[in-house]
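Results of the structural survey
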Amino acid sequence: MKEAMEEQIAINAEIKNEFNKLFSDEFIRPKLTEWLDWVSGKDHNHFVALPVLQRGSVWKPRQIITLWDSLLRGMPIGSLMLSRLIAKNRSGEDVLVRRVGSKDLQSVPEGGGAALIDGQQRTLTMLLGWPYFNENQIQNRTLWIDFADKPLSEHLFRLHVTTTAHPHGFARADPNARLSLRERRAAKLANSAGIQFPWESHFPIMLTELIREYVAVNQDADLWSQWVISTLRKRGSHRGRSWEEDEPAAVPVIHRFASCLQALFNIKISLIAVPDKCFAEPQTDENEDPALAILFKRLGTGGTPLSDADYVYSVIKHHLPETFQLVESIASIKGFAQLLGPTDIVMTAVRLVAADLGLTDFESPGKANFDSLRKNPDFLERFLDMVKSGKLSGAFDLLTESLKYNPDNREDDPGLPMHGFILVSRPALQIVLRWLLSVSELHDARTVFEQSREEILRFVLYAYLAIPDCKKASVWAFTWLKETESHKNPSFPGKQLIEYLLRRSESENREMALPLPSKREFNELAITKNYDVARPMLGWERFQPRNESTPLIMRIFHRWWGSGDRYQHALLLWLQRSYVNRIEKNPDEIRSDDEVPYDYDHICPANHWKDWTGVRSNNRLLDFLAKDGNRGHVHVGNSIGNVRVWYASDNRGDGDSPAQVKLNLVNNETDSGADRLKDSVIHISHSEYWSSCSGTDSKDVWTKERALAFQTAVERRTSDLYARYYDELNFQEWFPVNTIM
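Residues numbered from 1 in each chain as written. Predicted model: local features only at pLDDT ≥ 70, side-chain atom pairs only at ≥ 80, totals over all residues. Heavy atoms only, no water.

What to know about the overall build of the chain
Short version of the rule: Numbered from the N terminus, helices here are DSSP runs of H or I no shorter than four residues, and strands are runs of E no shorter than two. Only protein chains enter the accessibility calculation, which uses a 1.4 Å probe; a residue is then buried when its area is under 20% of its type maximum, exposed when over 50%, and partly exposed in between. Only heavy atoms matter for contacts: two residues are in contact if any of them lie within 4.5 Å across the pair. To measure how exposed things are, a 1.4 Å probe is used in the Shrake-Rupley method; for residues, cover is taken only from the protein chains shown.
Assigned secondary structure in the chain consists of 31 helices and 14 strands. Classification of the 741 residues of the chain by burial places 54% in the buried group. By sequence separation, contacts in the chain at least 24 residues apart represent 76% of the contacts at least 6 residues apart. As displayed, the chain offers around 32,500 Å² of accessible surface, 47% of which is attributable to carbon and sulfur atoms.

In structure tokens form, the structure reads like this:
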């Protein structure tokens, strides 16, 4: 490794660039614009990429806006840390890396380059305003400046962020908050200026457009300001606003921004080099951590801390460089991003290898746990074989194919739509993979998967609902799979495994797994039979055990119904799988809850029944609570029974309309609403309750009759959804009862 480094240094000496000075002096201060030219690829003499050790993180809109406000003010944003990149690894093979902002792997050029150790998110954010990004570095985010709007508190200018998943941006009052469903639908109907355009804005211009023009006029502030004003005069109106009305107040803001651009183009940024000796000096112990991992652990201040998973991956990539490309190939399996990311793949492989070697089982090994595993002389070799031989990728490929919803098979196929893969926890997935890799030694893997498909789907969806702590339960499961030699059985032993978890949970008095109630038992819990006609709305008392036999069943009922604090019921992604499957956005692009292309939509909108609706007492939903303070309106309103998954960009302008409008039930024309009811998974026989709870005179005014209709509609749909879950996954096979509804 030392010889390779010395050879690389000799090659670099022939290439005249600032990195030579950086790695000799260990510090340089180029202009910010020079740094952005280097990382964008505009300057071909400076190659900047990410190191093999990476920390997964995507900044929120508020962080993006705040950094750019600091830049425009001329404030310091901290130093960036880089290490030398060499073209060949110790085996003489090309070193493959990703350039900053790129998804594509490429070889480090012969002259080498620099790896951005600390400052990835700051650099990506700065590049949002730089107009010279190459085609492989598209971030799917856009930054806008609105000169006609007042800025946020403590900011100089009004900035907006849009993304591919949120093309119309975020809330004006809170840059991290999604637009309301009504606003998104209004934006969609308005067909704004481009693919991305901030809806809650006045007259926004892309920051890249502003900077490109500033460069085009040779940084002449007066010419640039004239161009901005002329451009905005041509843009007409937006949401009823006229530029002529806003221009007098906006012009001084434009001139102030021009002054900020002048300062921006003179800002310098500090780059600090990690000395070559940190990587070139021989290590005293072959199991010693890579210096880069140690560095990340010690950075600590500012930036994202190094997680256990990042640490494990960095150590493995240090000892086995080829792992990087192998893991990336697994992560590229279509739809797989919804199941596991690269670090999840590595942590799963670590666990499976440890199981094969009979080592201690850690679902999520910490740094010390992993260090104890890799001290086994066979561990790294077995890990490489796991990812290089195709065993792991083949198993992942089969599993993804098996879990996927297949409407060509039948419409009620029990598979998961791609967006529903988030329902499969990593521990549950690892249990299935542990069985598959064992059984494939004796049987054809594809055949056993096809035979076990429904049992596997039943298991992973049961685990989501009825195993409160799947991480700990998976440790029990791994032990059971080993002790029972389940690999000799070509069928996935889902039922037997759950029976074991239930028995052990009972014997140890731990709720590791919960029994599912029958449909009749669930229905008796869900449907209120005795209520005060004047005050029918049940709240927390709905979840109190009614006799000695119901506590565990009540736990499932409560988990299904919802806590009342949240209304994001992810199981709807499976329950509405026929509809969700039609969502056009690519699930591989989704990286966080803020970026999903669907909403959890209240069928009876929250602003009809929440605490404050502007209606006086005696005419609010909370005036009909069975007990004062039981928050029955929230427990009913946020229940799974009053929520559906709805595509955020669907061109359906119902906004906060009453339920009967949302469901096309106006004038009792249930036939016209049949498709909407089906997409929302509402039985047509329940339509009368949704119509009755919609209100006649005012959406905000409630009567005891309307309150009772709302509770009844929610209870019946909640029970019906559970019955679908129970029937369509055939849980009768696992929990037989004498009487079936």
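Text resumes after the structure shown.
A closer look at the side chain of Q196
Selection criterion: Distance and chemistry together define a polar contact, namely a pair of N or O atoms within 3.5 Å, with one atom able to donate a hydrogen and the other to accept it when in protein, and with adjacent residues in sequence counting only for side-chain atoms on both sides.
With respect to the helices, strands and loops of the structure, Q196 is situated in the loop between helix 6 (181–190) and strand 9 (204–206). Of the polar contacts made by the side chain of Q196, one reaches the side chain of T142; its length is 3.0 Å. Residues contacting Q196, with those up to four places away along its chain left out, are N140, R141, T142, W144, T162, T163, T164 and P167.

Some words on helix 21 (residues 494–507)
This is how it is decided: A helix is expected to span 1.5 Å multiplied by its residue count minus one.
End to end, helix 21 covers 20 Å across 14 residues, agreeing with the expected 20 Å (1.5 Å per residue, within 8%). The secondary structure elements touched by the buried residues of helix 21 are helix 18 (426–439), helix 19 (445–466) and helix 20 (470–483). In the stretch just after helix 21, N509 is the one whose phi turns positive, near 55 degrees.

Comments concerning the packing of helix 13 (residues 323–331) against helix 14 (residues 342–356)
Between two packed helices, what matters for the description is the angle formed by their axes and the separation of those axes. Formally: Fitted lines through C-alpha atoms give the axes, limited to the stretch in contact for helices. The angle between two N-to-C directions lies from 0 to 180 degrees. Throughout, the term roughly parallel applies to angles under 35 degrees, roughly antiparallel to angles over 145, roughly perpendicular to angles from 65 to 115, and oblique to all others. Three residue categories are used. Nonpolar comprises Ala, Val, Leu, Ile, Met, Phe, Trp, Tyr, Cys and Pro, charged comprises Asp, Glu, Lys and Arg, and polar comprises the others, including Gly.
Look at helix 13 against helix 14: their axes get within 9 Å of each other, and the N-to-C directions meet at 110 degrees. Put simply, helix 13 runs roughly perpendicular to helix 14. Here V327, E328, I330 and A331 of helix 13 lie close against helix 14, whose contacting residues are P342, I345 and V346. Across the contact of helix 13 with helix 14, the residue classes break down as 6 nonpolar, no polar and 1 charged.

What to know about the sheet that holds strand 8 (residues 158–163)
Selection rule: Think of it this way: DSSP has to see at least two bridges between two strands before they count as a pair.
The sheet built from 3 strands is open, its strands ordered 8-7-9 with antiparallel pairing. Strands with a single pairing partner mark the edges of an open sheet, and in this sheet they are strand 8 and strand 9. Averaged over all adjacent pairs, the angle separating strand axes in this sheet is 35 degrees, with direction ignored. Sheet topology places strand 7 (residues 141–146) next to strand 9; 3 bridges connect them, and they run antiparallel. Of the residues in strand 9, the one forming a bridge with I145 is I205.

Focus: the nonpolar core
Inclusion rule: Take the buried Ala, Val, Leu, Ile, Met, Phe, Trp, Tyr and Cys residues and link them wherever side-chain atoms come within 4.5 Å; each set so joined is a nonpolar core.
If you look at the biggest cluster of nonpolar residues, it comprises 138 residues, and the most contacted ones within it are F459, Y462, L516, W560, W690, F710 and Y725. A total of 12 residues in this core trace back to one element, the largest contributor, which is helix 19. Core analysis: the second largest hydrophobic core is formed by 63 residues, I28, L36, L50 and L72 among them.

Quick word on unusual backbone geometry
In this structure, N664 is a non-glycine residue whose phi angle is positive, near 60 degrees. By the secondary structure assignment, N664 is in the loop between helix 28 (659–662) and helix 29 (674–679).

Regarding the environment of H160
Take H160: it is sitting in strand 8. On a C-alpha basis, the gap between H160 and P175 in space is 7.3 Å, while along the polypeptide they are 15 residues apart. Those residues in contact with H160, other than ones at most four positions away along the chain, are T142, L143, W144, D146, P198, E200 and S201.

Some thoughts on the packing of aromatic side chains
Let me state the cut-off plainly: Geometry of aromatic contacts follows a simple scheme: Phe, Tyr and Trp rings, the Trp one being its six-membered ring, pair when their centres are within 6.5 Å, and the pair is stacked under 30 degrees between planes, edge-to-face over 60, tilted otherwise.
A full pass over the atoms with the stated rule returns 39 aromatic pairs. Ring plane angle 50 degrees and centroid distance 6.4 Å describe the contact between Y462 and F731, whose orientation is recorded as tilted. Of this pair, Y462 sits in helix 19 while F731 sits in the segment after helix 31 (704–728), and the two are 269 residues apart along the sequence. Looking at Y462, the relative accessible area reads 0%, which means it is buried. Looking at F731, the relative accessible area reads 0%, which means it is buried. Between W574 and Y725, the aromatic rings sit 6.2 Å apart at their centres with planes inclined by 90 degrees, giving edge-to-face as the arrangement. Taken together, the residues span a long stretch of sequence, with W574 in helix 24 (residues 572–575) and Y725 in helix 31 at a distance of 151 residues.

Brief notes about helix 5 (residues 120–127)
Along helix 5, 8 of the 8 residues are buried, which leaves the element largely enclosed by surrounding structure. Among the residues making up helix 5, those that are buried are Q120, Q121, R122, T123, L124, T125, M126 and L127. In this structure, the buried side of helix 5 is in contact with helix 3 (32–40), helix 4 (61–73), strand 3 (80–85), strand 6 (113–118) and strand 7.

Thoughts on the pattern of salt bridges
Short version of the rule: Here, a salt bridge means any Lys or Arg side-chain nitrogen found within 4 Å of an Asp or Glu carboxyl oxygen.
Summed over all chains, the structure comprises 35 salt bridges. We note a salt bridge from K88 to D94, for which the minimum N-O separation is 2.5 Å. A residue is classified by how much of its surface remains accessible, and K88, at 40% relative accessible area, is partly exposed. Relative accessible area serves as the criterion here: at 40%, D94 is assigned to the partly exposed category. The shortest N-O distance in the salt bridge between R426 and E363 comes to 3.4 Å. Pair noted here: R426 is in helix 18 and E363 is in the loop between helix 14 and helix 15 (367–374), with a separation of 63 residues, a long-range link. The residues R426 and E363 share a single accessibility class, namely buried. Ionic contacts of the salt-bridge type, sharing partners, join the residues D149, R158 and R172 into one network.

Looking at the sheet that holds strand 12 (residues 271–273)
If you trace the 5 strands from one edge of the open sheet to the other, you get 1-12-3-6-2, paired in mixed fashion. Unpaired on one side and paired on the other, strand 1 (27–28) and strand 2 (48–49) mark the two borders of the sheet. With 3 bridges joining them, strand 3 and strand 12 adopt parallel strand pairing. Bridging from a neighbouring strand, L80 pairs with L271 of strand 12. Each of strand 3 and strand 6 touches helix 5; the most contacted strand, strand 6, lies at about 110 degrees to it.

Quick word on the pairing of strand 7
Two faces make up the sheet, and in a regular strand the side chains alternate between them. Along strand 7, 6 of the 6 residues are buried, which leaves the element largely enclosed by surrounding structure. Side chains R141, L143 and I145 project from strand 7 onto one buried face, and the interleaved T142, W144 and D146 project onto a second face that is buried too. Bridge analysis of strand 7 against strand 8 gives 6 bridges, and the strand direction is antiparallel. Looking across to strand 8, one finds that I145 is bridged to L159.

Regarding the pairing of strand 14 (residues 643–647)
Most of strand 14 is tucked away, with 5 of its 5 residues classed as buried. Here strand 14 shows no split at all, with V643, V645 and Y647 on one side and R644 and W646 on the other all buried.

Here we look at the packing of helix 22 (residues 519–526) against helix 23 (residues 551–561)
Applied cut-off: It is the rotation of the near helix from the far one that decides the hand of a crossing: anticlockwise by less than a right angle makes it left-handed, clockwise makes it right-handed.
Contact pair helix 22 / helix 23: the axes reach a minimum separation of 11 Å and the direction vectors enclose 65 degrees. Overall, the two elements helix 22 and helix 23 adopt an arrangement that is roughly perpendicular. As helix 22 packs across helix 23, the resulting crossing turns out to be right-handed. Mapping the contact onto sequence places E521, F522, L525 and A526 in helix 22 and I553, M554, F557, W560 and W561 in helix 23.

Details of the environment of K519
Residue placement: K519 occurs in helix 22. Taking the C-alpha atoms as reference, K519 lies 9.4 Å from R724; in sequence the two are 205 residues apart.

A closer look at the confidence of the model for the chain
Operational definition: A residue's pLDDT is the confidence the predictor assigns to it, expressed on a 0 to 100 scale.
Considering every residue of the chain, the mean pLDDT works out to 84; 84% of them sit at 70 or more. Here helix 1 (residues 2–13) stands out as the least confident element of the chain, with mean pLDDT 48; helix 24 is the most confident, with 97. Confidence drops under pLDDT 50 across residues 280–284; counting only partners more than four residues distant or on other chains, this segment forms 6 contacts.

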